[in-house]
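The lines below spell out each chain.
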Amino acid sequence: MTRTEHVALKGTREGLVLYFDPLADFGLLLTELNKLLKDSVQFLQGATVRCFAGDKEYSEDEHDQLTNLLQEHQLELGGWLTTEEVYVPGKVQSQAIEKETRLGDEGMVEGHCLFVERNLRNGNSVQYEGHVVVLGDVNPGAEIIATGNIVVLGSLRGVAHAGATGERNASVSAYHLAPTQLRIADLVTRAPDEDSEERGPEIARIKDDRLIVEAAGLIGYRGKGR
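Residues numbered from 1 in each chain as written. Predicted model: local features only at pLDDT ≥ 70, side-chain atom pairs only at ≥ 80, totals over all residues. Heavy atoms only, no water.

This part takes up the overall build of the protein. The helix and strand inventory of the protein stands at 4 helices and 17 strands. By residue count, 40% of the 226 residues in the protein fall in the buried class. (Helix = DSSP H or I, 4+ residues; strand = E, 2+ residues; numbered from the N terminus. Buried < 20%, exposed > 50% of the residue type's maximum accessible area, 1.4 Å probe, protein only.)

Structure (C-alpha cells):
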C-alpha cells in the first residue's frame, strides 16, 4: 500500500482502490493525492481506480475536481465503493479473513500476466499491472516492476520490484537469482556476495516482515534472511 496521512492507494484482486479519510478537508485530500500520484511508478498510468470514503458524500463539484486530477495523471475514476463492498460483516467476514490468510500462505492468486519472450538488456524496462514472466535473462541495467509476482526462467541480474503497490504476498523467482536490487512491496535487498550458478532456482518472498530467499521447487526449507 502507498499512502500519505489521509490518502492511501492499494492494489487489490479487483484493481486499484483509493481510500480517503472521511474527516479530512477535501482540498487537503486532493493535495495529498496529487503528491502521492506524482511519486507513484509510471505503470499506474492508464489504470482505473475506485474510491472509498466511508459514508462521506462529496458534491458534484468535488467529484469533478477529483476526476480532473486523476485524468491529469492518466488515471480513470471507476466509481465509489460502499461500506458493504469493503467490509463483510459476521460469518462471511470470518470466511474472507480465513481465505485471505490461506492465500497469504500459498502466494498471490491468479491474475493478469505479461509474458516477455526475450532477454532484457541494459536499459530495458518492463512495468506491468499484474504478474510478469520472462522467458529469458534479465541482465544488469534492466528492470521489471510489477504489481504481482515476477518469474524469470533464466538469470535475474537486473532490478526486480514485485508487489509494487504494496502487495506483500508477491514473490520474485528465477532459475538463477542474483539481482542488483530486489524489492517486494516496501522491503528491499541486494544480491548475496556469493554469485554462484550452483544455487539453483530460488524464490524471494516476505515472511515475518523479512525478505527471505529460499530454494524453489525443492523439498525442505533453505531460507536466508536478508
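More follows now that the structure is in view.
Another aspect to go through is the pattern of salt bridges. Throughout the structure, instances matching the rule amount to 4 salt bridges. Ionic pairing is found between Arg168 and Asp209, a salt bridge with its closest N-O pair at 2.6 Å. Within this pair, whereas Arg168 is found in the loop between β11 (159-162) and β12 (171-177), its partner Asp209 is found in the loop between β15 (202-207) and β16 (210-215), the two being separated by 41 residues in sequence. Looking at Arg168, the relative accessible area reads 28%, which means it is partly exposed. Classification of Asp209 as exposed rests on a relative accessible area of 58%. When the shortest N-O distance is used, the salt bridge between Glu214 and Lys207 registers 3.5 Å. Taking relative accessible area as the criterion, Glu214 reaches 8% and is therefore assigned buried. Relative accessible area serves as the criterion here: at 34%, Lys207 is assigned to the partly exposed category. Several salt bridges share partner residues, and in doing so they unite Arg168, Asp186 and Asp209 into one network. (Salt bridge = Lys/Arg side-chain N within 4 Å of Asp/Glu carboxyl O.)

A word on the confidence of the model for the protein. Considering every residue of the protein, the mean pLDDT works out to 79; 75% of them sit at 70 or more. β11 holds the highest mean pLDDT among the elements of the protein, 94, whereas helix α4 (residues 90-106) holds the lowest, 38. Contacts for the low-pLDDT stretch residues 87-107, under 50 throughout, to residues beyond four places or in other chains number 9 contacts. Within the model, pLDDT remains below 50 along residues 218-226, and this stretch shows 24 contacts once partners closer than five positions in the same chain are excluded. (pLDDT = per-residue confidence, 0-100. Contact = heavy atoms within 4.5 Å.)

Taking 1.5 Å of rise per residue, 14 residues should cover 20 Å, and helix α1 (residues 26-39) covers 20 Å from first to last C-alpha, within 8% of that figure. Buried within α1 are the following residues: Phe26, Leu29, Leu30, Glu32, Leu33, Leu36 and Leu37. Its side-chain oxygen at 3.0 Å from the backbone nitrogen of Gly27, Asp25 defines the N-terminal cap of α1. (Expected span 1.5 Å × (residues − 1). Polar contact = N/O pair within 3.5 Å; in protein donor to acceptor, adjacent residues only side chain to side chain.)

We now examine the environment of His63. Take His63: it is sitting in helix α2 (residues 60-72). For His63, a relative accessible area of 31% gives the class partly exposed. In the structure, His63 is positioned 14 residues away from Leu77 in sequence and 9.7 Å away in space, judged by C-alpha atoms.

Phi angles above zero are rare outside glycine, and Ala185 is one such case at about 55°. Structurally, the position occupied by Ala185 is in the loop between β13 (181-184) and β14 (187-189). When its relative accessible area of 7% is taken as the criterion, Ala185 is described as buried.

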